Amino acid sequence: MRFLIAIVTLVAALGSPAAADDNWPQRQVTIIVPFAAGGTADLFGRMLASHLQAKYGKPFLVENRAGAAGNIGTTAAARASGDGYTILLGTTGPFAINPSLYSKLPHDTVRDFQPVSLIARVPNLLVVSNKLSAKTIPELIAYLKANPDKLSYGSSGVGSSQHLGTELFAVKTGTKMTHVPYRASNEIMNALLGGHIDVALDNITLVLPQVKAGTVRPLGMSTLERSPSAPDIATIAETLPGFEASAWHGIFLQAAARRSIVPKLNADIRQFLGTADVKTKFFEIGAVPAPMTPEAFAAFVADERTKWAEVVKVSGAKVD
């Protein structure tokens, strides 16, 4: 009789949600990256997928669902089965900017997702054409005040992080520049090199190689502290205290996924970010590892949403 009771208890335990979570993952996991292959978000997604696949011996596949400034992939993740086998790599745009920028979205990032952990902060770097006389942020501000709307800056589209980051700079300095939207970051750099625009605020991963080649002039990092990858470049905050307009990347699960999976995946991300190879790669591309508890990450995202909502409002940017 005791043997039978033990068997029944064991079967019940193995069938319980807690036991299922302890054994997660038992099959393929999909990581949705809401941007095209080859970008920074895609790189982080594939690095994490490789780490988790090696750890668990189960397939972790990256699925690129690009379009609509990250909204297409984010919606796909929100509508996927909430069984914990679809992960979303979320970024500044879909989670902090788009909720205010778009008049209507088919998903709700607060309602449909639970934050797991921040992965990385990636500084934006403000650079100018070598033809421009300004060599520091104060010199650029002085030039802009004396020549309102004379300079132009590029972005990868209305409401993009480049657009709103530069608008934040303009608001805090009381200056004006002409916005020239492009389709992608490589077009922004080509326009800057070709003399079609004067200023760009873009991802350090893409801009730093141009800085090292001497084709553009760096004026300031968008982070509160100097980048370990380029410590000689001052921060914009050294002139404008508190200025921060960095890109960030984090991991989210659907709200319907079992909450007990979250701390397990959070621990996996911390382990991933602590490996020597990851630290080296992040340093090479200018990214800063930034693991957080789920609670701290949720608060961080909420603060980012509030900050960028105000910038969207001031800029007048809107997408129907």
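Predicted, not measured: the structure shown is a model, and the values here were computed from it.

Some words on the side chain of Thr175
Consideration 1: Here Thr175 shows up in the loop between helix H8 (161-173) and strand E7 (178-181).
Consideration 2: A polar contact is formed between the side chain of Thr175 and the side chain of Thr173, at a distance of 2.7 Å.
Consideration 3: If sequence neighbours within four positions are ignored, Thr175 has contacts with Ile141, Leu144, Lys145 and Ala170.

A closer look at the pairing of strand E9 (residues 216-221)
Consideration 1: Among the six residues of E9, five are classified as buried, and the element is accordingly described as predominantly covered.
Consideration 2: As judged from the five bridges shared by strand E5 (residues 124-129) and E9, these two strands associate in the antiparallel manner. From the neighbouring strand, Val128 faces E9, where its bridge partner is Arg217.

A short note on the packing of H8 against helix H13 (residues 294-315)
Consideration 1: Interaxial distance between H8 and H13 falls to 10 Å at its minimum, and their mutual angle equals 75°. It follows from the interaxial angle that H8 and H13 lie roughly perpendicular. Here H8 contributes Leu164, Gly165, Glu167, Leu168 and Val171 to the contact with H13, which in turn contributes Trp308, Val311, Val312, Val314 and Ser315.
Consideration 2: Residue classes in the contact of H8 with H13 are distributed as seven nonpolar, two polar and one charged.

Topic: the sheet that holds E7
Consideration 1: With respect to topology, five strands assemble into an open sheet ordered E7-E6-E8-E5-E9, the strand pairing being mixed. The open sheet has two edge strands with one neighbour each: E7 and E9. For this sheet, the mean inter-axis angle between neighbouring strands, taken without regard to orientation, is 30°.
Consideration 2: In this sheet, strand E8 (residues 199-203) lies alongside E5 in antiparallel orientation, the contact comprising five bridges. Pairing of Leu125 across the sheet is with Asp202, part of E8.
Consideration 3: Against the sheet, helix H10 (residues 204-213) engages E5, E8 and E9, with an angle of about 125° to E8.

Some words on the sheet that holds strand E2 (residues 60-64)
Consideration 1: On the basis of which strands lie adjacent, the open sheet formed by six strands has the order E2-E1-E3-E10-E4-E11 and mixed pairing. Sheet topology places E2 and strand E11 (288-289) at the edges, where each strand pairs with a single neighbour.
Consideration 2: Relative to strand E3 (residues 86-91), strand E1 (residues 29-33) is paired through three bridges, and the arrangement is parallel. Note that in E3 the partner of Ile32 across the bridge is Leu88.
Consideration 3: Contacts between helix H4 (residues 71-79) and the sheet are confined to E1, E3, strand E4 (113-122) and strand E10 (247-254), with E3 contributing the most and set at about 145° to the helix.

Focus: the pattern of salt bridges
Consideration 1: Tallied over the full model, the rule gives nine salt bridges.
Consideration 2: As a salt-bridge pair, Asp83 and Arg27 come within 2.6 Å of each other at their nearest N and O atoms. Of this pair, Asp83 sits in the loop between H4 and E3 while Arg27 sits in the loop between helix H2 (17-22) and E1, and the two are 56 residues apart along the sequence.
Consideration 3: Taking the relative accessible area as the measure of exposure, Asp83 reaches 27% and is therefore partly exposed.

Focus: H8
Consideration 1: End to end, H8 covers 18 Å across 13 residues, agreeing with the expected 18 Å (1.5 Å per residue, within 8%).
Consideration 2: The buried fraction of H8 is high, at ten of 13 residues.
Consideration 3: The complete set of buried residues in H8 reads Gln162, His163, Leu164, Gly165, Thr166, Glu167, Leu168, Phe169, Ala170 and Thr173.
Consideration 4: Gly174 occupies a position one or two residues after H8 and carries a positive phi of about 65°.

Topic: the packing of helix H3 (residues 40-56) against helix H11 (residues 261-273)
Consideration 1: At a minimum axis distance of 10 Å, the contact between H3 and H11 shows a crossing angle of 110°. Considering the angle they form, H3 stands roughly perpendicular to H11. Taking contact as the criterion, the partners of Met47, Leu48, His51, Leu52, Lys55 and Tyr56 in H3 are, on H11, Lys264, Leu265, Asp268, Ile269, Gln271 and Phe272.
Consideration 2: Looking at the contact of H3 with H11 residue by residue, the class counts come to seven nonpolar, two polar and three charged.

Considerations on the environment of Pro241
Consideration 1: Inspection of the secondary structure puts Pro241 in the loop between E9 and E10.
Consideration 2: With 108 residues separating them along the chain, Pro241 and Ser133 place their C-alpha atoms 24 Å apart.

Points about the environment of Leu118
Consideration 1: Examined against the element boundaries, Leu118 turns out to sit in strand E4.
Consideration 2: For Leu118 and Ala80, which are 38 residues apart along the polypeptide, the C-alpha to C-alpha distance reads 21 Å.
Consideration 3: Setting aside anything within four residues of it in sequence, one finds Leu118 in contact with Trp248, His249, Gly250, Ile269, Leu273, Ala290, Pro291, Met292, Phe297 and Phe300.

Parameters at a glance
- Residues numbered from 1 in each chain as written.
- Predicted model: local features only at pLDDT ≥ 70, side-chain atom pairs only at ≥ 80, totals over all residues.
- Heavy atoms only, no water.
- Helix = DSSP H or I, 4+ residues; strand = E, 2+ residues; numbered from the N terminus.
- Polar contact = N/O pair within 3.5 Å; in protein donor to acceptor, adjacent residues only side chain to side chain.
- Contact = heavy atoms within 4.5 Å.
- Buried < 20%, exposed > 50% of the residue type's maximum accessible area, 1.4 Å probe, protein only.
- Pairing = 2+ DSSP bridges.
- Axes fitted to C-alpha atoms, helices over the stretch in contact; angles between N-to-C directions.
- Parallel < 35°, antiparallel > 145°, perpendicular 65-115°, else oblique.
- Nonpolar A, V, L, I, M, F, W, Y, C, P; charged D, E, K, R; others polar.
- Salt bridge = Lys/Arg side-chain N within 4 Å of Asp/Glu carboxyl O.
- Expected span 1.5 Å × (residues − 1).

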